[in-house]
Amino acid sequence: EQILTEAAPILDAADVTVHVQTVVQAPEPGAAPVAAARAYLDRIGERLRSTRCTVQLHLDEGAPSAKILERAVEVRAELILLSDHGGGGLGRWLLGSEAMKIVDLTPAAVYLHRASGAPPPQVAPPARADRILVPIDGNAESEDCFPEVEKLARLYGCSVDLLRVGLPLKWSLGTVIPTVGEGRQGMQEALEEAAGRLRERGVIVATVFRQGDPATEILAQAEESRARFMRPAPASMSAAQQSPMEV
């Protein structure tokens, strides 16, 4: 339920219809009955009715990812909000697996929220800044997320760190050297041009160029920026698509 608090700016928009869905899988020993799921869904609905959005409730039975995708198509969803249940282990892994199925198959943007169900650390982590980290790879498709990034930036008052990661050149003997000369310059120029397209939308943008393994560099930049949201790497850099997620 923490996602309801995090998504408050979205939920409090008067022109938004929120479809709250609970999916009950095939009955198993120890599984919550449908009646309990309905009671839980009704409680969430009551909580949301204090906001300005229009609320509709849906209780479905079946495989979570399939039912979420079906409902998203039916209601023509523009944004799907997903959250894990906190903690870790198998539960979080299963949520990640289901979420990736949805990310891969839906045209809607997907917001993945990381719940804070684990015990608090002895030392508090650094506060997250109001920044969105957006990696791009130079292809036009990697900018398809810009409209959703603009919406998030406006709703949450965030600025954007636009990141481009240059892959090192590898010689046949295994020696790794950095990208230099026109290759690096061209990447940086393309990065600035992409930043200009976001700035035209009224978004405050800083550009960052890093070199190395994309996944490693993206995670490192997320920590340096203390980003509140991160758009996973483009398809050419990873299997993820264009869904914003909380970090």
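Cut-offs applied
- Residues numbered from 1 in each chain as written.
- Predicted model: local features only at pLDDT ≥ 70, side-chain atom pairs only at ≥ 80, totals over all residues.
- Heavy atoms only, no water.
- Helix = DSSP H or I, 4+ residues; strand = E, 2+ residues; numbered from the N terminus.
- Expected span 1.5 Å × (residues − 1).
- Buried < 20%, exposed > 50% of the residue type's maximum accessible area, 1.4 Å probe, protein only.
- Arc of directions from axis to C-beta.
- Contact = heavy atoms within 4.5 Å.
- Core = buried A, V, L, I, M, F, W, Y, C linked by side-chain atoms within 4.5 Å.
- pLDDT = per-residue confidence, 0-100.

**A word on helix H3 (residues 34-48)**
- Compared with an ideal rise of 1.5 Å per residue, which puts 15 residues at 21 Å, H3 spans 21 Å between its outermost C-alpha atoms and is within 8% of the ideal.
- Among all positions in H3, only Ala 37, Leu 41, Ile 44, Gly 45 and Leu 48 are buried. Down the axis of H3, the sector holding all buried residues measures 105°, keeping them to one side. The outward face of H3, more than 90 degrees from its buried face, is lined by the exposed residues Ala 35 and Glu 46.
- Taken together, the buried residues of H3 touch helix H1 (2-6), helix H2 (8-11), strand E1 (17-24) and strand E2 (54-61).

**Looking at the nonpolar core**
- Grouped together as the largest cluster of nonpolar side chains are 34 residues, with contacts concentrated most on Leu 48, Ile 132, Val 134, Phe 146, Tyr 156, Val 160 and Leu 162.
- When neighbours within four sequence positions are excluded, Leu 48 is seen to be in contact with Leu 4, Leu 11, Val 18, Val 20, Cys 53 and Val 55.
- Ile 68, Leu 69, Ile 80 and Leu 112 belong to the second largest nonpolar core, which has 11 residues in total.

**A look at unusual backbone geometry**
- Phi angles above zero are rare outside glycine, and Arg 76 is one such case at about 55°.
- In this fold, Arg 76 is placed in the loop between helix H4 (64-75) and strand E3 (79-83).
- The class of Arg 76 is exposed, set by a relative accessible area of 75%.
- Although it is not a glycine, Arg 226 adopts a positive phi angle of roughly 50°.
- One can find Arg 226 in the loop between helix H8 (214-225) and strand E10 (229-230).
- Residue Arg 226 is classed as partly exposed on the basis of its relative accessible area of 36%.

**A word on the side chain of Gln 221**
- With respect to the helices and strands, the residue Gln 221 is situated in helix H8.
- Once residues within four sequence positions are removed from consideration, Gln 221 is found in contact with Leu 133, Asp 161, Leu 163, Val 208 and Arg 210.

**Here we look at the confidence of the model for the chain**
- Model confidence for the chain is summarised by a mean pLDDT of 77, while 72% of its residues fall at 70 or above.
- Here residues 118-127 is a poorly scored stretch, pLDDT under 50, and it has 3 contacts once near neighbours within four places are set aside; other chains count.
- In this model residues 238-247 is a low-confidence stretch, pLDDT under 50, and it forms 44 contacts with partners more than four residues away in sequence or in other chains.

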